[in-house]
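Okay, here's what each chain looks like letter by letter:
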Amino acid sequence: MPLVPSAFCPPFYLRGGHVQTLYPFLLRAPVPVDYRRERLELPDSDFVDLDWSLAAGPGGARAARVALVIHGLEGHSRRKYVRGMVRALNAAGWDVCAMNHRGCSGEPNRLARTYHSGETGDLHAALVRALGAGGYASAALVGFSMGGNQVAKYLGEEPGRVPPQVRAGVAVSAPLDLAASVRALERGPARVYQAYLMRSLKEKMRAKAAAQPGALAGLPQGPGLDAMRTFREFDDAYTAPLNGFADARDYYARNGAVRVLEGVGLPLLVLCAADDPFLGPECYPRALALASAVLHLETPATGGHVGFAAARSAATYAENRTVEFLGTHC
């Protein structure tokens with residue numbers, strides 16, 4: 001234990017990994033959230049932007065507990081899946097701090113380095129700031145996709161660094177084995193998602209080269225960047241060298257949370273659909289969950305990637321399940 005039986009059973013027309021992935025992304029109505037932005041200066045002179053939404057509403061009193069919500073690759077706090085989670089947590093009495101990774105808040109970051117799938121230093125800095133902002137008695141971490149891998153890695157790699165106020169975490173659609181996820185996205189229809197995200201990543205590199213002459217010195221630019229089609233190529237050329245890794249293989253091996261899950265010491269829900277087109281078999285840590293008292297693995301038959309859409313409901317199953325799990329453990 002705990003392998004968690006899932007109650008998620010959408011109607012027949014919302015079943016299938018690609019339907020579940022695309023339906024909320026394309027057709028979900030906008031989710032209104034009134035954010036208040038705070039800029040957090042980091043020790044290396046870079047910054048991340050934090051977007052706050054309080055349970056009591058703008059200008060209201062702080063709640064007793066706070067959730068730090070972390071977006072996925074090339075996402076931000078304004079994505080519908082983040083706003084949906086923020087709204088659900090606010091309704092359940094949680095203040096929420098939605099973290100934007102470096103370069104993801106609408107303004108390029110200052111340094112040559114980028115965010116990446118295993119970055120937990122920025123997560124820790126945002127969490128410490130969030131706790132200090134409200135004097136909260138308890139806290140939780142919620143991450144989507146790449147952000148879910150970061151949450152799981154943070155909780156497992158150095159448990160002693162995790163503030164005592166943190167009571168639980170949730171990782172939704174998390175690529176816990178990065179190499180397996182990259183392989184999954186290089187096959188069949190999943191290549192469409194890779195191409196979509198690659199366009200955004202390449203545009204960000206072009207903007208960095210224009211804003212910071214010399215930042216990408218010695219790295220592929222122009223035609224070399226344009227020719228890239230896969231995450232593996234991009235990570236080999238940019239993510240790895242800009243963030244201190246030898247190459248893409250080294251980056252994947254050192255940053256997938258699956259290698260540190262045994263170190264997790266507090267309740268962690270990993271919610272990953274069995275038909276998630278972004279995940280390979282190694283991203284589902286069934287053996288680890290069976291041997292753990294705190295790792296809760298839930299793998300509904302359908303749900304896609306950051307999907308979990310249900311009919312006639314403004315909230316997704318992931319939002320409702322997160323509120324339920326955190327309510328039990330916080």
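Higher on the page you've got the structure.
**Describing the overall build of the protein**
Each helix and strand counted, the protein has 11 helices and 9 strands in total. In terms of C-alpha radius of gyration, the protein reaches 19 Å, essentially the compact-globule figure of 20 Å for 330 residues. With the principal axes as the frame, the protein shows a C-alpha extent of 50 × 45 × 40 Å. Across the protein, the fraction of contacts at a sequence separation of at least 24, relative to all contacts at a separation of at least 6, is 78%. For the protein, the computed accessible surface area is about 13,100 Å², with 57% contributed by carbon and sulfur atoms. For the protein, the distance from the average position of its 35 positive side-chain charges to the average position of its 30 negative side-chain charges is 4 Å.

**Regarding helix H11 (residues 317-329)**
The first and last C-alpha atoms of H11 sit 18 Å apart over 13 residues, in line with the 18 Å expected at 1.5 Å per residue. When we look at burial in H11, the residues that qualify are Tyr317, Ala318, Glu319, Arg321, Thr322, Phe325 and Leu326. Tucked inside the fold, the buried residues of H11 contact strand E1 (3-4), helix H2 (80-91), strand E6 (138-144), strand E7 (166-172), strand E8 (268-271) and strand E9 (295-298).

**A look at the nonpolar core**
Nonpolar side chains in soluble globular proteins tend to be buried together. Formed by 70 residues in total, the largest nonpolar core has its most connected members in Leu68, Leu141, Leu155, Tyr238 and Leu268. The dominant element in this core, judged by the number of residues it contributes, is helix H8 (residues 231-242), at 6 residues. If sequence neighbours within four positions are ignored, Leu68 has contacts with Cys97, Met99, Leu123, Ala126, Leu127, Ala140, Leu141 and Val142. One finds Val69, Leu269, Val306 and Tyr317 within the second-largest nonpolar core, a separate group that totals 28 residues.

**Looking at the packing of H2 against H11**
Put simply, H2 and H11 touch, their axes get as near as 9 Å, and they point 40° apart. With respect to each other, H2 and H11 are oriented oblique. For the crossing formed where H2 meets H11, the hand is right-handed. Packed against H2, whose contacting residues are Tyr81, Gly84, Met85, Ala88 and Leu89, the element H11 presents Ala318, Glu319, Thr322, Val323 and Leu326 at the interface. Residues that form the contact of H2 with H11 fall into these classes: 7 nonpolar, 2 polar and 1 charged.

**A word on the sheet that holds E7**
The strand order across the open sheet built from 9 strands is E1-E9-E8-E7-E6-E4-E5-E3-E2, with neighbouring strands paired in mixed fashion. Whereas interior strands pair on both sides, the edge strands pair on one side only; in this sheet they are E1 and strand E2 (36-41). Strand direction decides the pairing type here: E2 and strand E3 (residues 47-53), joined by 6 bridges, are antiparallel. Within E3, the position partnered with Arg37 by the bridge is Asp51. Its contacts with the sheet put H2 on E3, strand E4 (65-70), strand E5 (95-100) and E6, and the angle it makes with E5 is roughly 160°. Across the sheet, helix H4 (residues 146-157) is in contact with E4, E6, E7 and E8; its angle to E6 comes to roughly 135°.

**Concerning the layout of surface pockets**
Its boundaries defined by the atoms lining it, the second largest pocket holds a volume of some 240 Å³. In this structure, the second largest pocket is lined by 18 residues; those nearest its centre are Glu74, Gly103, Cys104, Ser200 and Lys204.

**Considering the packing of helix H3 (residues 121-134) against H4**
Their axes nearest at 10 Å, the elements H3 and H4 cross at an angle of 80°. In this view, H3 runs roughly perpendicular relative to H4, as classed from their interaxial angle. Residues Leu123, His124 and Leu127 of H3 form the contact with H4, whose own contacting residues are Gln150, Val151 and Tyr154. Per-class residue counts for the contact of H3 with H4 are 4 nonpolar, 2 polar and no charged.

**Points about the pattern of salt bridges**
Pairs can form between side chains of opposite charge once their charged atoms are near each other. Scanning the model with the defined rule gives 21 salt bridges in all. A salt bridge links Glu319 to Arg28; the shortest N-O distance between them is 2.8 Å. Pair noted here: Glu319 is in helix H11 and Arg28 is in the loop between helix H1 (17-27) and E2, with a separation of 291 residues, a long-range link. Here Glu319 falls in the buried class, since its relative accessible area comes to 3%. In this structure Arg28 comes out as buried when scored by relative accessible area, which is 13%. In the salt-bridge network here, residues are joined through shared partners; they are Arg37, Arg39, Asp49, Asp51 and Glu107.

**Some points on the pairing of E6**
Counting buried positions along E6 yields 7 of 7 residues, so the element is predominantly enclosed. Neither face of E6 is exposed, since Ser138, Ala140, Val142 and Phe144 on one face and Ala139, Leu141 and Gly143 on the opposite face are all buried. Pairing between E6 and E7: 6 bridges, direction parallel. The residue of E7 that forms the bridge with Gly143 is Ala171. As a crossover connection, the stretch from E6 through H4 into E7 is right-handed.

**Details of unusual backbone geometry**
In the Ramachandran plot, Ser173 falls in the positive-phi region, its phi being about 55° despite a non-glycine side chain. Structurally, the position occupied by Ser173 is in the loop between E7 and helix H5 (178-185). Taking relative accessible area as the criterion, Ser173 reaches 0% and is therefore assigned buried. One non-glycine residue, Phe308, lies in the positive phi region at around 60°. Structurally, Phe308 can be placed in the loop between E9 and H11. Judged by relative accessible area, Phe308 falls into the buried class, the value being 0%.

So, how was this worked out
- Residues numbered from 1 in each chain as written.
- Predicted model: local features only at pLDDT ≥ 70, side-chain atom pairs only at ≥ 80, totals over all residues.
- Heavy atoms only, no water.
- Helix = DSSP H or I, 4+ residues; strand = E, 2+ residues; numbered from the N terminus.
- Rg over C-alpha atoms; globule rule 2.2 N^0.38 Å.
- Contact = heavy atoms within 4.5 Å.
- Areas by Shrake-Rupley, 256 points an atom, 1.4 Å probe, with all protein chains shown as cover.
- Lys, Arg positive; Asp, Glu negative; His and termini not counted.
- Charge placed at Lys NZ, Arg CZ, Asp CG, Glu CD.
- Expected span 1.5 Å × (residues − 1).
- Buried < 20%, exposed > 50% of the residue type's maximum accessible area, 1.4 Å probe, protein only.
- Core = buried A, V, L, I, M, F, W, Y, C linked by side-chain atoms within 4.5 Å.
- Axes fitted to C-alpha atoms, helices over the stretch in contact; angles between N-to-C directions.
- Parallel < 35°, antiparallel > 145°, perpendicular 65-115°, else oblique.
- Left-handed = near helix turned anticlockwise from the far one by under 90°.
- Nonpolar A, V, L, I, M, F, W, Y, C, P; charged D, E, K, R; others polar.
- Pairing = 2+ DSSP bridges.
- 1 Å grid on protein atoms, 1.4 Å probe; cavity = no way out; pocket = protein on both sides within 12 Å on 5 of 7 lines; lining within 4 Å.
- Points joined across faces, edges and corners; volume = space filled by probe spheres on them.
- Salt bridge = Lys/Arg side-chain N within 4 Å of Asp/Glu carboxyl O.
- Right-handed = clockwise from strand over helix to strand, strands pointing away.

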